[in-house]
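# Residue-level structural notes
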Amino acid sequence: MRIRDHRADDEPEINLVPLIDVILVMIIFFVVTATFDARSVLKLELPRATGEAATDPSKALIVLVNADGRYFVDDREVLRSDVESLKSTISEVAGTDRDRPVMLRADARTPYQAVVTVYDALGQLGFRKVMNATAPQTRDGEAAR
């Protein structure tokens with residue numbers, strides 16, 4: 001009986017399954033690690049004021065309040081509009097650092113109660129450095145965008 005070598009008859013092939021797996025993992029990695037700018041998510045019309053710009057707002061904890069009175073802490077939305085929900089979200093995002101400055105960005109059409117709720121939550125948590133974001137005022141009285 002003669003044994004035939006089958007390796008000589010096989011044609012070389014490229015297996016695409018590992019390549020597809022690697023590309024899928026890379027896509028997932030880039031989607032998960034991509035940073036999204038909070039300013040592109042919400043359109044806020046800031047109140048106008050004159051004054052000097054903050055020295056270093058990059059380290060600040062950002063609390064956004066849109067025109068409907070919904071809250072956003074950095075990139076996380078607060079699901080309910082009560083003080084306790086806002087406090088728990090701020091605590092989760094800020095951790096134990098109470099000396100960190102807070103930048104409050106509230107839409108000009110925001111109900112005043114929503115802004116007071118943010119101040120109340122920040123005061124109860126022990127934050128003392130709170131900045132209000134405003135749009136610079138131009139000569140004709142309109143806010144610069």
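Small disclaimer: the values here were computed from a predicted structure and weren't measured.

Here is what the cut-offs are and how they apply
- Residues numbered from 1 in each chain as written.
- Predicted model: local features only at pLDDT ≥ 70, side-chain atom pairs only at ≥ 80, totals over all residues.
- Heavy atoms only, no water.
- Helix = DSSP H or I, 4+ residues; strand = E, 2+ residues; numbered from the N terminus.
- Buried < 20%, exposed > 50% of the residue type's maximum accessible area, 1.4 Å probe, protein only.
- Contact = heavy atoms within 4.5 Å.
- Patch = residues over 30% accessible without salt bridge, like charges linked within 9 Å, V, L, I, M, F, W, Y side chains within 5 Å.
- Areas by Shrake-Rupley, 256 points an atom, 1.4 Å probe, with all protein chains shown as cover.
- Salt bridge = Lys/Arg side-chain N within 4 Å of Asp/Glu carboxyl O.
- Pairing = 2+ DSSP bridges.
- Axes fitted to C-alpha atoms, helices over the stretch in contact; angles between N-to-C directions.

What follows concerns the overall build of the chain. Helices and strands together make up the secondary structure of the chain, namely four helices and seven strands. Counted from the first residue to the last, the chain has its helices and strands arranged as α-α-β-β-β-β-α-β-α-β-β. Burial analysis of the chain (145 residues in total) assigns 26% to the buried set. Expressed as a percentage of contacts within the chain between residues at least 6 apart in sequence, the contacts between residues at least 24 apart total 70%.

Among the surface-exposed residues, Ile14, Leu16, Leu19, Ile20, Ile23, Ile27 and Val31 lie close enough to one another that they form a single nonpolar patch of about 710 Å² accessible area. Residue placement: Leu19 occurs in helix α1 (residues 17-33). On the basis of relative accessible area, Leu19 is assigned to the partly exposed category, the value being 47%.

What follows is about the sheet that holds strand β5 (residues 102-106). What the five strands build is an open sheet, ordered β4-β3-β2-β5-β6; its pairing is mixed. Bordering the open sheet on either side are β4 (76-77) and β6 (130-132), each of which pairs with just one other strand. Packed on one face of the sheet, helix α3 (residues 83-94) meets β2 (61-65), β3 (71-73) and β4 and runs near 20 degrees to β3.

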